[in-house]
Amino acid sequence: MTSGRECFPTENGDLHEDVKRHYRKTMSGFVIQDKVAKLLSRQNGKPVLRPIKPLALKNEVASRRMKKGEATCVTEMSLLMACWKLNDFNNAVCSKEVSAFYTCVEKAQSKAKGKQGTQGRLLPKEANTLLKRFPNLSSEV
Amino acid sequence: MAASVRHLLKPWTPSLCLVRWSRYNPYYLDPDPSKDACVPESEISPEQKELQELKTVRPIKAALSSDTSSSFNDPLISKFINMMMQDGNKILARGIMTQTLESIKRKQVEKYHKSPAAKKEEIECNPYTIFHLGLENCKPIIGLASVQKGGKSYQVPVPLTDNRRRFLAMKWMITECRDNKHRRTHMYEKLSQELLAAFANEGNVVKRKHDLHKMAEANRAYAHYRWW
């Protein structure tokens, strides 16, 4: 096989021809199917795999929230509540805290809307839409 | 990979022309029935220009038959009429609303003529401003949401959206006027009384708003149970 130096991309940004050929052989479907058949066969003693569901990918991605969120605008809220307690829930006197709270809420909402899918990864919803349009065909009919 | 694949998720274009339905694709824009005076090109900000160009290209929802281009068309009052309406009787609901506004005006004009000259300027006679300001005084600022944590559900103080606040104010007003009145007082009479009270920051609806605020203040320790 080729030496390790050819694994790095050349000046054109492309991999070496031998490396490409190697990848094509190992990543092709037939090679993987043969390996799976070997794992399931009973010819060499007990089978390694005993699957319950068929060994195929679904045309769906699990929809889960990536990061755990935290409560927004808690400081503004606590300031507002302190003002309320002092002034017997009079909104006219606490107008400054009220407007500060509203601006904080608006900012948090716009941030939450804008930040969702911008980190180089597809959202589960978007991935599902695409997979519905271009699914993995499991049968010929 | 995501960046190259995302261009496949292009905005939806309609293949059929929809004719006045309530559930539209979010790609459709809302209609604007107001008659805009022609603003010269130089005074329009770039965002407004963008919005105008968007309106010429994107599909727009069909206008409701209750929207008019007249200057008396008030979206807040239309929303209130729709909320008051029962069994689709829009004529009755609109009649009640007009009677309410008329009775507010009558009461205020009476008060105006009876008051001394010094206090005459403080009395607000426009029923529409009384309605708007009264409703503003009924809107809660913080609401409560039920959050389950460790098998127990807590009432957590939560900021509300503008639509939710407006809805709560209108709902409280209508339920208050329906339930807490003598059986012989008409709806428009009770509504006008409540609206005038709300305008002066008194009355049962404003009291209900204050009760909600007090509960939120009492539960402020649970504010960190929120995750949004």
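Residues numbered from 1 in each chain as written. Chains lettered and ligands numbered in written order. Predicted model: local features only at pLDDT ≥ 70, side-chain atom pairs only at ≥ 80, totals over all residues. Heavy atoms only, no water.

Per an unreviewed UniProt entry, chain B goes by the name Small ribosomal subunit protein uS7m and belongs to Cirrhinus molitorella. Per UniProt, the comment on chain B under Sequence similarities (unreviewed entry) is "Belongs to the universal ribosomal protein uS7 family." UniProt's Subcellular location (unreviewed entry) comment on chain B is quoted here verbatim: "Mitochondrion". (UniProt positions renumbered as here; feature names shortened; annotations may be inferred.)

As named in an unreviewed UniProt entry, chain A is Coiled-coil-helix-coiled-coil-helix domain containing 1, taken from Cirrhinus molitorella.

Enquirer: For this particular structure, what's the right way to read the overall build of chain B?
Expert: Looking only at helices and strands, chain B has eight helices and two strands in total. Counted from the first residue to the last, chain B has its helices and strands arranged as α-α-α-α-α-β-β-α-α-α. By sequence separation, contacts in chain B at least 24 residues apart represent 65% of the contacts at least 6 residues apart. (Helix = DSSP H or I, 4+ residues; strand = E, 2+ residues; numbered from the N terminus. Contact = heavy atoms within 4.5 Å.)

Enquirer: Just to check I follow, could you spell out the packing of aromatic side chains for this structure?
Expert: In this description, an aromatic ring pair is defined by two values, namely the gap between the centres and the angle between the planes. Residue and element names in this part refer to chain B. Using the criterion set out here, one finds six aromatic pairs over all chains in the structure. Pairing F80 with F131 gives two aromatic rings, centres 5.2 Å apart and planes at 80°, and the pair type is edge-to-face. Within this pair, whereas F80 is found in helix α3 (residues 75-84), its partner F131 is found in helix α5 (residues 127-138), the two being separated by 51 residues in sequence. Relative accessible area serves as the criterion here: at 0%, F80 is assigned to the buried category. Judged by relative accessible area, which is 0%, F131 ranks as buried. Between Y154 and Y225 the ring centres are 5.1 Å apart and the planes differ by 70°, which places this aromatic pair in the edge-to-face class. Residue Y154 is found in strand β2 (residues 152-159), and its partner Y225 is found in the segment after α8 (203-218); the two are separated by 71 residues along the sequence. For the cation-ring pair, K120 lies above Y112, with the distance from its terminal atom to the ring centre recorded as 5.3 Å. (Phe/Tyr/Trp six-rings, centres within 6.5 Å; stacked < 30°, edge-to-face > 60°. Buried < 20%, exposed > 50% of the residue type's maximum accessible area, 1.4 Å probe, protein only. Lys NZ or Arg CZ within 6 Å of the ring centre and 35° of its normal.)

Enquirer: What is the right way to read the pattern of salt bridges from this model?
Expert: Oppositely charged side chains can form a pair if their charged atoms are brought close together. Residue and element names in this part refer to chain B. Applying the stated criterion across every chain yields a total of nine salt bridges over all chains. In this structure, D30 engages K61 in a salt bridge whose closest nitrogen and oxygen atoms are separated by 3.2 Å. Here D30, found in the loop between α1 (2-5) and α2 (46-57), pairs with K61, found in the loop between α2 and α3; they are 31 residues apart in sequence, far enough to count as distant. Judged by relative accessible area, which is 57%, D30 ranks as exposed. Taking relative accessible area as the criterion, K61 reaches 25% and is therefore assigned partly exposed. In this structure, K190 engages E194 in a salt bridge whose closest nitrogen and oxygen atoms are separated by 3.7 Å. Note that K190 and E194 are positioned in helix α7 (residues 187-199) at a spacing of four residues, about one turn of the helix. For the pair K190 and E194, one class covers both residues: buried. Residues participating in the shared-partner salt-bridge network are E176, K190 and E194. (Salt bridge = Lys/Arg side-chain N within 4 Å of Asp/Glu carboxyl O.)

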